[in-house]
Amino acid sequence: MNIDSQTDEFHHVQTAHCENGVTTALLRYHGLDFMTEPLAFGMGSGLFYIQIPFLTVNNGPAISFRTMPGAIFKRTCKSLGVEVTRKKFSNPAAAEAFLDQKVKEGVPVGCQVGVFHLTYFPKEYRFHFNAHNLIVFGEENGRYQISDPVMEDVTSLSKEELSRVRFAQGPLAPRGHIYFPEKIKPITQDMIRKGIVSGIRRNVRDMLSIPGNFAGVNGIRHTSNHVRKWRDKLGLRKASLYLGQIVRMQEEIGTGGGGFRFLYGAFLEEAAAYLQDDRVSNVSEDFTKAGDMWRASAIKMAGVYKGRLTEQKDFEEIADMMLEIRLVEKEAFQKLSSLKLGK
Amino acid sequence: MKKEDLPQDPGALAKFTREVCYVKNDDGKYETALSEGWDVKKQALDSAWEDVNERVEEARKAVANGEKSPVYYFMELRLMDLSVLSGYTGIFPFFIKRHFKPSVFKGLSERKLEKYARAFDITVSELTNFKG
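Per an unreviewed UniProt entry, chain B carries the name HTH cro/C1-type domain-containing protein and comes from Dyadobacter fermentans.

The name recorded for chain A in an unreviewed UniProt entry is Peptidase, from Dyadobacter fermentans.

## Section: the overall build of chain A
Each helix and strand counted, chain A has eleven helices and ten strands in total. For chain A, whose C-alpha radius of gyration is 20 Å, the value lies close to the compact-globule estimate of 20 Å for 343 residues. Along the first, second and third principal axes, the C-alpha atoms of chain A reach 60 × 45 × 40 Å. A total of 343 residues make up chain A; the buried ones form 59% of that total. Summarising the internal contacts of chain A: among those between residues at least 6 apart in sequence, 69% fall at separations of at least 24. A total of about 13,800 Å² of accessible surface is found on chain A, and carbon and sulfur atoms cover 51% of it. When the 45 positive and 39 negative side-chain charges of chain A are each reduced to one mean point, those points stand 8 Å apart.

## Brief notes about the UniProt feature "domain: Butirosin biosynthesis protein H N-terminal" (unreviewed entry) in chain A
UniProt's entry tags residues 17-149 of chain A with the feature "domain: Butirosin biosynthesis protein H N-terminal" (unreviewed entry), counted in the numbering of this structure. Secondary structure content for residues 17-149 of chain A is 32% helix and 32% strand, and the end C-alpha separation is 7 Å.

## A few points about the sheet that holds strand β7 (residues 132-140) of chain A
Residue and element names in this part refer to chain A. Strand order in the open sheet formed by six strands is β5-β10-β6-β7-β8-β9, and the pairing between neighbours is antiparallel. In the strand order of this sheet, the two ends are held by β5 (83-87) and β9 (155-158), each with one partner. Across the sheet, the mean angle separating the axes of adjacent strands is 35° when strand polarity is ignored. With five bridges joining them, strand β6 (residues 109-113) and β7 adopt antiparallel strand pairing. Bridge pairing links Val-113 to His-132 in β7. Those strands touched by helix α1 (residues 18-29) are β6, β7 and β10 (178-183), and its axis lies near 40° from that of β7. Each of β5 and β10 touches helix α3 (residues 71-79); the most contacted strand, β5, lies at about 150° to it.

## Section: the environment of A:Ala266
Following the sequence through the fold, A:Ala266 ends up in helix α9 (residues 257-275). With 178 residues separating them in the primary sequence, A:Ala266 and A:Lys88 have C-alpha atoms 33 Å apart. Setting aside residues up to four positions removed in sequence, A:Ala266 forms contacts with A:Pro38, B:Tyr22 and B:Tyr30.

## Looking at the domain arrangement of chain A
Residues and elements named next belong to chain A. Here chain A is partitioned into domain 1 (18-35 + 83-183) and domain 2 (194-338). Computed over C-alpha atoms, the centres of domain 1 and domain 2 are 29 Å apart. At the interface, six residues of domain 1 touch six residues of domain 2. Both faces combined, the contact of domain 1 with domain 2 buries some 520 Å², and carbon together with sulfur accounts for 62% of it. Across the domain 1-domain 2 interface, the total number found is zero salt bridges. Inspection of the domain 1/domain 2 interface yields zero residue pairs in polar contact (both at pLDDT 80 or more). Of the residues assigned to the side of domain 1 that touches domain 2, the class counts are five nonpolar, one polar and no charged.

## Notes on empty space enclosed by the protein
Tallied over the full model, the rule gives three cavities of 30 Å³ or more. Volume-wise, the second largest cavity comes out at about 90 Å³. Lining the second largest cavity are 13 residues, and of these A:Tyr125, B:Gly11, B:Ala12, B:Gly37 and B:Trp38 sit closest to its centre. Considered class by class, the residues forming the lining of the second largest cavity number five nonpolar, two polar and six charged.

## So, helix α7 (residues 217-234) of chain A
All names here are of chain A. An ideal rise of 1.5 Å per residue puts 26 Å on 18 residues; α7 measures up with 25 Å between its terminal C-alpha atoms. Taken as a whole, α7 carries its principal kink of about 35° at Arg-228. Three or more residues of α7 are buried, namely Val-217, Asn-218, Gly-219, Ile-220, His-222, Thr-223, Ser-224, Val-227 and Trp-230. Next to the buried residues of α7 lie β3 (47-57), β4 (60-66), α6 (189-208), α8 (236-251), α10 (278-305) and α11 (312-338). At the C-terminal side of α7, Gly-235 shows a positive phi close to 90°.

## As for α8(A)
Between its first and last C-alpha atoms α8(A) spans 22 Å; for 16 residues at 1.5 Å apiece the expected length is 22 Å, and the two agree. Most of α8(A) sits inside the fold, with 13 of its 16 residues counted as buried.

So, how was this worked out
- Chains are numbered independently. Their residues run from 1 in the order of the written sequence.
- Each chain gets a letter, beginning with A, and each ligand a number, beginning with 1, in the order they are written.
- Only residues with pLDDT of 70 or above have their local features reported here, since the model is predicted, and side-chain atom pairs are shown and tallied only from 80 upward, although totals for entire chains, interfaces and linings are computed over all residues.
- Excluding hydrogens and water, the side-chain figures rest on all heavy atoms present in the structure.
- Helical segments are the DSSP runs of H or I of at least four residues, strand segments are the runs of E of at least two, and each set is numbered from the N terminus.
- This radius of gyration counts C-alpha atoms alone. The globule rule is 2.2 Å times how many residues there are, raised to the power 0.38.
- Residue exposure (1.4 Å probe, protein chains only): buried if accessible area is under 20% of the type maximum, exposed if over 50%, otherwise partly exposed.
- The contact definition used throughout considers only heavy atoms, calling two residues in contact when any of these lie within 4.5 Å.
- Here the accessible surface of atoms and residues is derived via Shrake-Rupley with a 1.4 Å probe, and residues count as covered only by protein chains that are part of the display.
- Positive: Lys, Arg. Negative: Asp, Glu. His and the chain ends are not part of the count.
- Here the site of a charge means atom NZ of a Lys, CZ of an Arg, CG of an Asp or CD of a Glu.
- UniProt positions are given in the numbering used here, feature names are shortened, and annotations may be inferred rather than shown by experiment.
- By the convention used here, strands pair only if DSSP detects at least 2 bridges between them.
- Axis definition: a line fit to C-alpha positions, over the contact stretch in the case of helices; interaxial angles, taken between N-to-C directions, run 0 to 180 degrees.
- Bear in mind that the domain bounds are from an automatic or database domain assignment.
- Buried area adds together the accessible area that both of two parts lose upon being put together, with accessible area traced by a 1.4 Å probe.
- What makes a salt bridge here is a side-chain nitrogen of Lys or Arg within 4 Å of a carboxyl oxygen of Asp or Glu, nothing more.
- Polar contact criterion, stated in full: a pair of N or O atoms within 3.5 Å, where within protein one must be able to donate a hydrogen and the other to accept it, and residues adjacent in sequence count only if both atoms are side-chain atoms.
- As a working rule, the residues Ala, Val, Leu, Ile, Met, Phe, Trp, Tyr, Cys and Pro are called nonpolar, Asp, Glu, Lys and Arg charged, and the rest polar, with Gly in that last group.
- Definitions used for this entry: grid spacing 1 Å over protein atoms alone; cavity, a set of points where a 1.4 Å probe fits but cannot get out; pocket, an open set with protein on both sides within 12 Å along at least 5 of 7 lines; lining residue, one with an atom within 4 Å of a point.
- Grid points are joined across faces, edges and corners, and a volume is the space filled by probe spheres set on the points.
- Any helix carries an expected span of 1.5 Å times its number of residues minus one.
- Two axes define the bend at a residue: one fitted to the seven residues ending there, one fitted to the seven starting there, and the bend is the angle between them.

This is the structure we're talking about:
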């Protein structure tokens, strides 16, 4: 298995999710060798659920299984006392000049981009999604060297191509967003432990006590209630497209809902080792279970959009599965909350 | 998910990359493994594209029948919605909706047509000469 492919100094890291990957690779480049994708995800309190009200994406419901874009990098760096520089631009030329300056200095930087014009992505994946992240780590023959965390290997983009994706338009427009760690102080084991604990606590808060009924564990129930009504309200065809959208939000590269539950399980396993606390690794099992249940629900939803399952009772079953998932995740976070991991 | 259960169904990504997944190994510990894809996802993506293609075809017919302007067709063709198209052109959604009307579209200034053409990655004449 080849996850790291070596370049001059910067090491490409392939990960399950782009922002985790950028965070992990940039921090490792700056000497934080202990950083892993699960650790970045957990310290950044990446696990979430939200069905954003009144918003549709690609003509379907807007559902996210993760926290908002940018938060994982920001929180993980903050909890390790890493100073971060981030910039947005109104002018593409200024954005390119700033990037070129950094490339000249030999500093790898994270960039937020839209995927619609991302030339190295297969066409089938190019929808207007503007919160993808990649790293620019050099220049060769007039092309930027790109480390995209969802790709197995490094790739490259021309100046025009990169400028275009950095200035993609629409919801979450990146506006040339560029970010990188600036100053890194020595990191102690104690800081890592504190970062883990505060990451868990913030995630407990986000999932259990966020106000409103469309986010956190209650958000899963919110969607479940919608699923029950979709067949009557939208007709079978549109309802099955909506389910397909849930599965894509849940499982496609860079979004992964079921996958995120496994990732959180992996984080708790690592956290248990840092904290020397077996109780934490026991809760890890609950997230493995939740991940498996999300995948089972995706299989059921696939039955609908493949046209094999068409009855209202199939929609009811999917909705019930989501309620069960909600319970498992709710109990898991309640367990984490009751562990009193200290500060 | 156990490592041996990780699906390896080649999909749209097959020629480009494999995906990292977190799976349980024989010792019950998490590790990463690479997946070629999963049929459940592949079909979700396929059905999304079927929907896109149908929308584009309906938009084409609407232009041919004189119900909608080419702006509407190219918006669908480029997978955009009002907010995305508004972002690329700087034209407010309310006005874009008006430009969907063939009668309003006819009177559009060269400057507005250029904005649309640039957003759609086509020339102005490709835009104005599209008949469905």
